[in-house]
Amino acid sequence: MANKTVKVQLFRSPIGTQPKHKLCVKGLGLSRVGQVRELEDTPSVRGMINKVNYMVRVVEGE
């Protein structure tokens, strides 16, 4: 059974945001604006995405 994944893109800079939000972005593996990462779809990853939803967007599969 294949693990489900989710693609996340950083579209806004974390400069000037709360320190915990910066750590969530770092935990998602995002460091540059425009960068896309494909992550395993787990509740912890979904929680981090929800916390910083104003900086990241979920990219549709190709």
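Each remark here, short or long, concerns the structure printed above.
Residues numbered from 1 in each chain as written. Predicted model: local features only at pLDDT ≥ 70, side-chain atom pairs only at ≥ 80, totals over all residues. Heavy atoms only, no water.

**As for the pairing of strand β1 (residues 5–10)**
- Residues Val6, Val8 and Leu10 point to one face of β1 and are all buried, whereas Thr5, Lys7 and Gln9, pointing to the other face, are not buried.
- As judged from the five bridges shared by β1 and strand β2 (residues 36–40), these two strands associate in the antiparallel manner. Across the sheet, the residue bridging to Val6 is Leu39, located in β2.
- Across four bridges, β1 lies against strand β3 (residues 56–59) in antiparallel orientation. In the strand pairing of β3, Val8 is matched with Val58. (Buried < 20%, exposed > 50% of the residue type's maximum accessible area, 1.4 Å probe, protein only. Helix = DSSP H or I, 4+ residues; strand = E, 2+ residues; numbered from the N terminus. Pairing = 2+ DSSP bridges.)

**What to know about the sheet that holds β3**
- One open sheet accounts for three strands, arranged β2-β1-β3; its pairing is antiparallel. For this open sheet the edge positions go to β2 and β3, each flanked by a neighbour on one side alone. Each strand axis lies, on average, 35° off the axis of its neighbour in the sheet, ignoring direction.
- Sitting on the sheet, helix α2 (residues 43–51) is in contact with β1, β2 and β3, with an inclination near 25° to β1. (Axes fitted to C-alpha atoms, helices over the stretch in contact; angles between N-to-C directions. Contact = heavy atoms within 4.5 Å.)

**Focus: the side chain of Gln35**
- Mapped onto the fold, Gln35 is located in the loop between α1 (19–27) and β2.
- Taking the relative accessible area as the measure of exposure, Gln35 reaches 16% and is therefore buried.
- In terms of polar contacts, Gln35 uses its side chain to reach the backbone amide nitrogen of Ser31, at 2.8 Å.
- Excluding residues that lie within four positions of it along the chain, Gln35 makes contacts with Val8, Gln9, Leu10, Gly29 and Leu30. (Polar contact = N/O pair within 3.5 Å; in protein donor to acceptor, adjacent residues only side chain to side chain.)

**Side note on the nonpolar core**
- Core analysis: the largest hydrophobic core is formed by 13 residues, its most contacted members being Val8, Leu28, Leu30, Ile49, Val52 and Val56.
- No other element matches the three residues that β1 contributes to this core.
- When residues no more than four places from it in sequence are discounted, the contact partners of Ile49 are Val6, Val8, Leu28, Val56 and Val58. (Core = buried A, V, L, I, M, F, W, Y, C linked by side-chain atoms within 4.5 Å.)

**Here we look at the pattern of salt bridges**
- Considering all chains together, one arrives at one salt bridge under this definition.
- Here Arg46 ties to Asp41 by a salt bridge, and the two come within 2.9 Å at their closest N and O atoms.
- Under the relative-accessibility criterion, Asp41 is labelled partly exposed at 31%. (Salt bridge = Lys/Arg side-chain N within 4 Å of Asp/Glu carboxyl O.)

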